[in-house]
Amino acid sequence: MELASNQPVESESQPTHTVQETDGYGFDWNIPLHWTWSGLPVYYNIDPDGTADIGGTNELPPVRASFQTWEDDRFSGIDFYDNGTGVHETYQSLESPNGANVIVWLDYGSEEGVGFTNLWADENFHLVETDMVLNDYYNWSVGAQQWAFDVQSVATHEAGHWLCLIDLYSNASRDQGQTMYYASGMNDISLRSLEWGDVNGAHYVYPVHNDAGSGGDGSNNFAGATAVAKNIWYYARLCDLPTPDHTLDTQDWYKFYAGASARLAFTLFNPSNADFDLELYNPSGALTDYSRKRQNGGSETIVKDPMGTTGWWRLRIARFSTGGQGGNGVYQFKYQNMPLLAPEP
Ligand SMILES: [Ca+2]
Ligand SMILES: [Ca+2]
Ligand SMILES: [Ca+2]
Ligand SMILES: [Ca+2]
Ligand SMILES: [Zn+2]
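So, a few notes on the structure that sits alongside this text. Since this is a predicted model, take the numbers as computed values, not measurements.

What follows is about the overall build of the protein. Secondary structure summary: the protein contains four helices and 16 strands in total. Along the first, second and third principal axes, the C-alpha set of the protein runs to 75 × 55 × 35 Å. The burial tally for the protein puts 50% of its 345 residues in the buried class. Partitioning the contacts of the protein with sequence separation of at least 6, the portion at a separation of at least 24 is 73%. Roughly 15200 Å² of accessible area belongs to the protein as shown, and the carbon and sulfur atoms make up 48% of that amount. Of the charged side chains in the protein, 16 are positive and 45 negative, and the gap between their average positions amounts to 20 Å.

Written out as structure tokens, the structure reads:
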């Protein structure tokens, strides 16, 4: 069996519909502001002055890491390019576009936040430039340190604004550690990692399809199922974000060949905020087994011992939705030979 090794495909149009924090998808994007696909990658420049709080150039790697965190997401096509440290910004130059997207430390006093981001767009709401200011009024550190802000944490939040995601304000967003929550503390590195809402936002504005490495969406029907192989963890996505121009994707079908005597186990891991289910169909198309726990997150498992029929079986991974949210996110699945139990003594 040949496995697809295609590149991710930017196959969904970018959205034009507001999503607010109160919609429950864990992110906020309330004007049609975004980079176009052709505007990527976004070149960024780090002002060479950095901050005096951190020795040498040790503040540069955490800034780069903050952009990389957003790039690393498998189902977002956002793309940044490190264009070096050749551009200075000043208080004055930051007031208008100067052709360079810069990360700069400047002292804006206590009236401004720890960090802020300026965005400039054309008349079509396509971004043309963005600058990130890290307020040098505050103390900065690499890593968690008392009385200082961790560069990577704050920069990861600000880089989310470069994607045009907007601050979150609810206690739920705070408690879930969402990176786009509007406030952060000193001595805290928790914003370095993206949470479910942050990645939902990145998927929403810069969506790509690459289910199970196929370069596309997992088929929505039995016949078109994507072939998968044993013992590999696959990543894929279902999407029910609420806009007419965004592909609604509620099921993915995969196929694998198995002999009648095979003894197989199937595992699905849900994203933390979604309830997906796992179903097994025999080569004739009949549902034979399923695991449909009613819960967000966690796992679903099926054991089939033996398979009983030789041929191309199907796995169906589908969203469970009662009309509310919770049908959106990246899942992980695998099938393997039944784990062997320890032999009897
Ligand atoms: Ca600039
Ligand atoms: Ca899919
Ligand atoms: Ca699908
Ligand atoms: Ca479930
Ligand atoms: Zn913010």
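On to the pairing of strand β3 (residues 102–106). Most of β3 sits out of view: five of its five residues are buried. Because side chains alternate across β3, one face comprises the buried residues Val102, Val104 and Leu106, and the other comprises Ile103 and Trp105, equally buried. As paired strands, strand β1 (residues 42–46) and β3 are joined by two bridges and run parallel to one another. From the neighbouring strand, isoleucine 46 faces β3, where its bridge partner is isoleucine 103. Bridge count between β3 and strand β5 (residues 127–135): four bridges; the pairing is parallel.

Attention now goes to the nonpolar core. If you look at the biggest cluster of nonpolar residues, it comprises 45 residues, and the most contacted ones within it are Phe67, Trp70, Phe80, Ile103 and Trp140. Going through the elements one at a time, β1, α1 (60–71), β3, β5, α2 (151–162) and α4 (196–205) are the ones with two or more residues in this core. Among the elements that line this core, the one with the most residues is α2, at five residues. Of all hydrophobic cores here, the second largest spans 24 residues; its members include Ala212, Val228, Leu268 and Phe333.

What counts, and where the lines are drawn
Residues numbered from 1 in each chain as written. Chains lettered and ligands numbered in written order. Predicted model: local features only at pLDDT ≥ 70, side-chain atom pairs only at ≥ 80, totals over all residues. Heavy atoms only, no water. Helix = DSSP H or I, 4+ residues; strand = E, 2+ residues; numbered from the N terminus. Buried < 20%, exposed > 50% of the residue type's maximum accessible area, 1.4 Å probe, protein only. Contact = heavy atoms within 4.5 Å. Areas by Shrake-Rupley, 256 points an atom, 1.4 Å probe, with all protein chains shown as cover. Lys, Arg positive; Asp, Glu negative; His and termini not counted. Charge placed at Lys NZ, Arg CZ, Asp CG, Glu CD. Pairing = 2+ DSSP bridges. Core = buried A, V, L, I, M, F, W, Y, C linked by side-chain atoms within 4.5 Å.

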